[in-house]
Amino acid sequence: MTQILLDEKLYAETLLTQDTMDNKPASDLRILAKYFCQVWSLTPHKIYLELIKIMEEKYNNFSLAKWQPLLLDLSKNANKYKLLEIEYIPITINELIMIDNLPGKPLRRLAFTLLCLAKYRNAITPDNNDWENYKFKEIFKMSNIQATKKEQGFMIHDLRNLGLIKMNRMVDNLSIHICYIDKENPEEVLKITDFRNLGYEYLLYSGEKFVRCKKCQKLIRQNKNNSIEYCRDCAKEVEKEKTKLRVEKYRKNICNGCTS
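Let us look at the structure shown here. (Residues numbered from 1 in each chain as written. Predicted model: local features only at pLDDT ≥ 70, side-chain atom pairs only at ≥ 80, totals over all residues. Heavy atoms only, no water.)

1. Considerations on the packing of aromatic side chains
Point 1. Evaluated as defined, the whole model comprises eight aromatic pairs.
Point 2. Judged by centre distance (5.5 Å) and plane angle (45°), the ring pair of Phe 112 and Tyr 202 falls under tilted. Of the two residues, Phe 112 is situated in helix 6 (residues 105-124) and Tyr 202 in helix 9 (residues 198-205); the sequence distance between them amounts to 90 residues.
Point 3. Residue Phe 112 is classed as buried on the basis of its relative accessible area, which comes to 0%.
Point 4. Overall, the relative accessible area of 3% leaves Tyr 202 in the buried class.
Point 5. Relative to Phe 210, the ring of Tyr 200 has its centre 4.7 Å away and its plane inclined at 40°; by these criteria the two rings are tilted. Placement of the pair is Tyr 200 in helix 9 and Phe 210 in strand 6 (residues 210-212), with a sequence separation of 10 residues.
Point 6. Residue class for Tyr 200 comes out partly exposed when judged on its relative accessible area of 22%.
Point 7. Through successive ring pairs, a cluster of aromatic residues spans Tyr 35, Phe 36 and Trp 40. (Phe/Tyr/Trp six-rings, centres within 6.5 Å; stacked < 30°, edge-to-face > 60°. Helix = DSSP H or I, 4+ residues; strand = E, 2+ residues; numbered from the N terminus. Buried < 20%, exposed > 50% of the residue type's maximum accessible area, 1.4 Å probe, protein only.)

This is the structure:
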């Protein structure tokens, strides 16, 4: 799934503090290359060396022969696109009123997600003119909507019939033009900084119970007991750390017992 980041500078600095790289690090390497070029002011050759160093330290089974073409290309083109530093995507009162009046939570979540995506594209590309071009699968995942391809098509069709969106005239182009972006009233009601669960962001605004993971800040649904602190992935990591500490404590106690 496409990762949408608002502040690539902060993300790059976070990557530099981590012990390991993602299994598919190409996107992270691109951001790091831009960071080294535009923040550290490194030359393409020095960027290349820094990327190699990072991969050697943080990526299992790193092979320079395999990764060299990509690393050279990223280093050479590190200044081609500006490092993103967007504080947030603003959502106005009129936009929310329009979405709130749609029938059914799924359609409202979809409309909210499309709005955020189009405003994000506007922020990074000034001449975007309210379009978004993400795959339907990605849009519905970000909307937190489980739906078949047929159901997805019906929901998109409903928004089109309501006059809220327009489709690209090219048959094989699924880009969507969002027609309900408020250009008149600057009153901001929401500030969106995380695109991982946009559907949940709307439900949180609507008053439903959600909490942000204490480790990764991902928005997750809270339970009746208000006891959830971590998302599933982070909960597994936290449990591994606890197990590791318990094992170390046990071994330490055993060793102390042997020497007493």
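2. As for helix 2 (residues 26-38)
Point 1. With 13 residues, helix 2 should cover 18 Å at 1.5 Å per step; its first-to-last C-alpha distance of 18 Å lies within 8% of that length.
Point 2. Every buried residue of helix 2 is accounted for by Asp 28, Leu 29, Ile 31, Leu 32, Ala 33, Lys 34, Tyr 35, Phe 36 and Cys 37.
Point 3. Where helix 2 is buried, its residues contact helix 1 (8-17), helix 3 (44-58) and helix 4 (64-76). (Expected span 1.5 Å × (residues − 1). Contact = heavy atoms within 4.5 Å.)

3. Quick look at helix 8 (residues 149-161)
Working note: α-helix, 3.6 residues per turn, so residues spaced by three or four point in the same direction.
Point 1. With 13 residues, helix 8 extends 18 Å between its outermost C-alpha atoms, agreeing within 8% with the 18 Å of an ideal straight helix rising 1.5 Å per residue.
Point 2. Each element contacted by the buried residues of helix 8 is listed here: helix 6, helix 7 (136-142), strand 3 (165-167) and strand 4 (176-178).
Point 3. Following helix 8 by one or two positions, Gly 163 has its phi on the positive side, about 80°.

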